[in-house]
Amino acid sequence: MAKETRWARRPYDGHAINQPLEPDYELLQVGPGTPGGEFFRRFWQPVAMTDQLGEKPVAIRILGEDLVIFRDLSGRVGLLHKHCTHRRASLEFGRIEQNGIRCCYHGWHFDIDGTILETPGEPEDSEIRHTICQGAYPTHEFKGLVFAYMGPPEKQPAFPHYDSMDLPDHDLVPYSIHSPCNWLQESENSMDPFHSVFLHGRVNGPQFPGLEHFVALPVVAYHTRPEGIVYSHSRRRDDLILIRFHDHFLPSLAQNGGMFQVLSEPKTFSRTSLTKWVVPVDDNNSRKFGWRHFNDKDEVLRQGNRDEVGWEAVDFYGQTAHRSYEEMQNNPGDWEAWTGQGPMNIHRREYLGVTDEGVALLRDKLRQGIRAVANGEDIAVPQGTPKKPFHTYGGDTVLRIPKDNQDDRAMIDRVQRAVADIYFAGDAYEGEDRTEFIRRGVAEKFGSAT
Ligand code: FES
Ligand SMILES: [Fe+2]
């Protein structure tokens, strides 16, 4: 086989790299039976907005599987394989019943767990309904999103409750946005704090009010956790150090700092304004499901607009397909960046630099998990209950610390790592006790500066 040519190494030599290279299928494929797909199926993740569930069943596609989702007349949510187990008519044309759904073709009636309740054309004593089931997955409805677990039943974890699901005074507004590309491209955008400098700053001008300081290159510290990666990216503005924490929990949950904040005075452990999962539709399409957090404490600018949050919409720039091509070219946003990489990015064609450490870390972490599942090993999945939720860290801390004229970036790095240590030590506590521990710890460490 000819040696693979990954990059052009001379001017005017596009010809050297005009042959396609294979994508990294181990990481990128999500269909049934693929290593990445089986990994994804070990986690609960959102598959629909409850607003989608009306009088008719809805055909959806998740992880390369065609499914139908509906709310039966008892109010329960069913998530079934789309094709009827009898002769594969689509249940999107079925009739919703008190319990479950009835296929339009020969009237077989399925409960939400896939149990066959009736096979009306078959003899009374037919054993069919005691022998087989329609394919089905368990669901959990929470604050406007429907989550599902699509893995083997014997591996099903309890639905994980994250601390960000009920932060005091936070009102969660659900939303969902499609991207015509592999899921990892959007997730990598969140693991790349350097793109903000250029995409949201130097190249296109500031895109997010209150975040104009994004034009400065951040000082970044990454922390690997059993369930994912937490990082902080920090910048100086006058005598303030702005430390923004970001979460990525596997497979694809991301939380950033505040969207619309006043960052002109010290604050400690303000919380995220965005909780989002990038869910694979199939190898070349993904759908983000998440919540915008509205609150008066962490978004004091009050520029957010809940009326602009929902199906195919969120209230900050550049996140959807729904702008003119001219506007996309004039002022490209995140959506153009990750979808523009193509339906499935070719990693071997990339040339990663030092600013891509987060992307590389995420790929490594995913690969470890994918291989562990493929080898029959158990993996760390987020676990939490309303009383003892899974702890997350996304949000902002702002400290008043004068510039170090010797090496300010090294000092900023020491500060953000010390703050992270205090955040993580706070894991021994819950709720207000945790917040209090972190605030006190930061105040003690940095004295009256905070
Ligand atoms: S195909 Fe569904 S009942 Fe026959
Ligand atoms: Fe961005």
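Residue positions are counted from 1 within each chain, in the order its sequence is given. Just so you know, chain letters begin at A and ligand numbers begin at 1, following the order they were written in. With the structure being a predicted model, the display of local features is reserved for residues of pLDDT at least 70 and the display and counting of side-chain atom pairs for 80 or more, all residues being used for whole-chain, interface and lining totals. Hydrogens and water molecules were not included; the side-chain quantities draw on all heavy atoms of the structure.

Some thoughts on the nonpolar core
In a soluble, globular protein the nonpolar side chains are often hidden away together inside.
Turning to step 1, where the next piece is worked out: Think of a nonpolar core as a cluster: buried Ala, Val, Leu, Ile, Met, Phe, Trp, Tyr and Cys residues, connected wherever their side-chain atoms sit within 4.5 Å. Only protein chains enter the calculation, and the probe is 1.4 Å; a residue is then buried if its accessible area is under 20% of its type maximum, exposed if over 50%, and partly exposed in between. Counting residues in hydrophobic clusters, the biggest one holds 75 residues, and the most contacted among them are Ile 69, Phe 147 and Val 415.
Turning to step 2, where the next piece is worked out: Here the element with the most residues in this core is helix H9 (residues 408–425); it accounts for nine residues.
Turning to step 3, where the next piece is worked out: Reported domain spans reflect what an automatic or database domain assignment gives. Each of domain 1 (43–155) and domain 2 (163–449) contributes no fewer than three residues to this core. Under the scheme used here, helices are H or I runs from DSSP no shorter than 4 residues and strands are E runs no shorter than 2 residues, and both carry numbers assigned from the N terminus.

Comments concerning the coordination of the iron ion (ligand 2)
Turning to step 1, where the next piece is worked out: For the iron ion (ligand 2), the protein coordination sphere consists of His 195 (NE2), His 200 (NE2), Asp 334 (OD) and Asp 334 (OD), at 2.0 to 2.6 Å.
Turning to step 2, where the next piece is worked out: In this structure, the iron ion (ligand 2) is surrounded by four donor atoms whose angles at the metal cover 54 to 144 degrees, and the resulting shape is irregular.
Turning to step 3, where the next piece is worked out: Sequence spacing of the donor residues for the iron ion (ligand 2), all on one chain, is H-x4-H-x133-D. Taken together, the residues span a long stretch of sequence, with His 200 in helix H5 (residues 195–202) and Asp 334 in helix H7 (residues 334–339) at a distance of 134 residues. Donor criterion used throughout: N, O or S atom within 2.8 Å of the metal, extended to 3.2 Å for Na, K and Ca. Water excluded; incomplete-looking sites may result. Irregular is the label for any site that misses the other tests, which are tetrahedral for four donors with all angles between 85 and 135 degrees, and square planar for four donors or octahedral for six when opposite donors exceed 155 degrees and the remaining angles lie between 65 and 115.

Some thoughts on the sheet that holds strand E1 (residues 44–49)
Turning to step 1, where the next piece is worked out: Spatially, E1-E10-E9 is the arrangement adopted by the three strands of the open sheet, whose pairing is antiparallel. Edge positions in the open sheet fall to E1 and strand E9 (139–142), since each of these has one partner strand only. When strand polarity is set aside, the average angle formed by the axes of neighbouring strands in this sheet is 35 degrees.
Turning to step 2, where the next piece is worked out: Two strands pair if DSSP finds at least two bridges between them. Taken together, the five bridges between E1 and strand E10 (residues 145–149) define a ladder with antiparallel strand orientation. Each residue of the ladder has a partner; that of Met 49, found in E10, is Leu 145. Only C-alpha atoms enter the line fits that serve as axes; for helices the fit covers just the stretch in contact. Angles between N-to-C directions range over 0 to 180 degrees.

So, empty space enclosed by the protein
Turning to step 1, where the next piece is worked out: Here the term cavity refers to a set of points on a 1 Å grid, laid over the protein atoms alone, in which a 1.4 Å probe fits but cannot get out; the term pocket refers to an open set having protein on both sides within 12 Å along at least five of seven lines, with lining residues being those that place an atom within 4 Å of a point. Grid points are joined across faces, edges and corners, and a volume is the space filled by probe spheres set on the points. Scanning all chains against the criterion turns up four cavities of 30 Å³ or more.
Turning to step 2, where the next piece is worked out: Volume-wise, the largest cavity comes out at about 280 Å³.
Turning to step 3, where the next piece is worked out: Every residue lining the largest cavity is counted, 22 residues in all, and those nearest its centre are Asn 189, His 195, Ser 196, His 246 and Asn 256.
Turning to step 4, where the next piece is worked out: Broken down by secondary-structure element, the contributors of at least two residues to the lining of the largest cavity are helix H4 (183–190), H5, strand E13 (228–237), strand E14 (240–249) and strand E17 (274–282).

Topic: H9
Turning to step 1, where the next piece is worked out: To estimate how far a helix should extend, the number of its residues minus one is multiplied by 1.5 Å. In this model H9 runs 26 Å from its N-terminal to its C-terminal C-alpha over 18 residues, within 8% of the 26 Å that 1.5 Å per residue would give.
Turning to step 2, where the next piece is worked out: Regarding H9, the residues found buried are Asp 408, Met 411, Ile 412, Val 415, Gln 416, Ala 418, Val 419, Ala 420, Ile 422, Tyr 423 and Phe 424.

Re the packing of H9 against helix H10 (residues 431–446)
Turning to step 1, where the next piece is worked out: The contact between H9 and H10 brings their axes to 9 Å, and the two run at 145 degrees. For the pair H9 and H10, the sense of crossing is right-handed. In this structure, H9 contributes Val 415, Ala 418, Val 419, Ile 422, Tyr 423 and Ala 425 to the contact, and H10 contributes Phe 437, Ile 438, Gly 441, Val 442, Lys 445 and Phe 446. Take the far helix as the reference: if the near one is turned anticlockwise from it by less than a right angle, the crossing is left-handed, and if turned clockwise, right-handed. In what follows, a contact means two residues having at least one pair of non-hydrogen atoms within 4.5 Å.

Considering the domain arrangement of the protein
Turning to step 1, where the next piece is worked out: One can read the domain layout of the protein as domain 1 (43–155) and domain 2 (163–449).
Turning to step 2, where the next piece is worked out: Opposite the 17 residues of domain 1 that make contact, domain 2 presents 23 residues.
Turning to step 3, where the next piece is worked out: What gets called buried area is simply the loss in accessible area from a 1.4 Å probe that two parts show on being joined, summed for both. With both chains or domains summed, domain 1 and domain 2 bury close to 1700 Å², and 72% of this area falls on carbon and sulfur atoms.
Turning to step 4, where the next piece is worked out: Considering only the side of domain 1, the residues that lose the most area to domain 2 are Phe 43, Met 49 and Lys 143, jointly responsible for 37% of the buried surface there.
Turning to step 5, where the next piece is worked out: Each salt bridge in this description consists of a side-chain nitrogen of Lys or Arg and a carboxyl oxygen of Asp or Glu lying within 4 Å of one another. Across the contact surface, domain 1 and domain 2 share two salt bridges.
Turning to step 6, where the next piece is worked out: The partner of Lys 155 in a salt bridge is Asp 378, with the nearest N and O atoms 3.1 Å apart.
Turning to step 7, where the next piece is worked out: Any pair of N or O atoms that falls within 3.5 Å is considered a polar contact. Within protein, one atom must be able to donate a hydrogen and the other to accept it, and sequence-neighbouring residues count only if both atoms are side-chain atoms. If you look at where domain 1 meets domain 2, you find seven residue pairs in polar contact (both at pLDDT 80 or more).
Turning to step 8, where the next piece is worked out: Contributions of two or more residues to the side of domain 1 that touches domain 2 are made by E1, strand E2 (58–62) and E10.
Turning to step 9, where the next piece is worked out: It is E1 that provides the largest number of residues to the side of domain 1 that touches domain 2, a total of five residues.
Turning to step 10, where the next piece is worked out: Grouping the amino acids of the side of domain 1 that touches domain 2 by side-chain chemistry returns ten nonpolar, four polar and three charged. Gly counts as polar in this scheme, as do all residues outside two lists: the nonpolar Ala, Val, Leu, Ile, Met, Phe, Trp, Tyr, Cys and Pro, and the charged Asp, Glu, Lys and Arg.

Brief notes about the pattern of salt bridges
Turning to step 1, where the next piece is worked out: Under the counting rule described, the total for this entry stands at 33 salt bridges.
Turning to step 2, where the next piece is worked out: Among the salt bridges present, the one from Arg 367 reaches Glu 26, with a minimum N-O distance of 2.9 Å. Of the two residues, Arg 367 sits in helix H8 (residues 357–374) while Glu 26 sits in helix H1 (residues 25–28), which places them 341 residues apart along the sequence.
Turning to step 3, where the next piece is worked out: The partly exposed category is assigned to Glu 26, whose relative accessible area is 22%.
Turning to step 4, where the next piece is worked out: A salt bridge links Asp 239 to Arg 400; the shortest N-O distance between them is 3.1 Å. Residue Asp 239 is located in the loop between E13 and E14, and its partner Arg 400 is located in strand E19 (residues 395–400); the two are separated by 161 residues in the primary sequence.
Turning to step 5, where the next piece is worked out: For Asp 239, a relative accessible area of 32% corresponds to the partly exposed category.
Turning to step 6, where the next piece is worked out: One connected set of salt bridges, linked through shared partners, spans Asp 24, Glu 26, Arg 367 and Arg 371.

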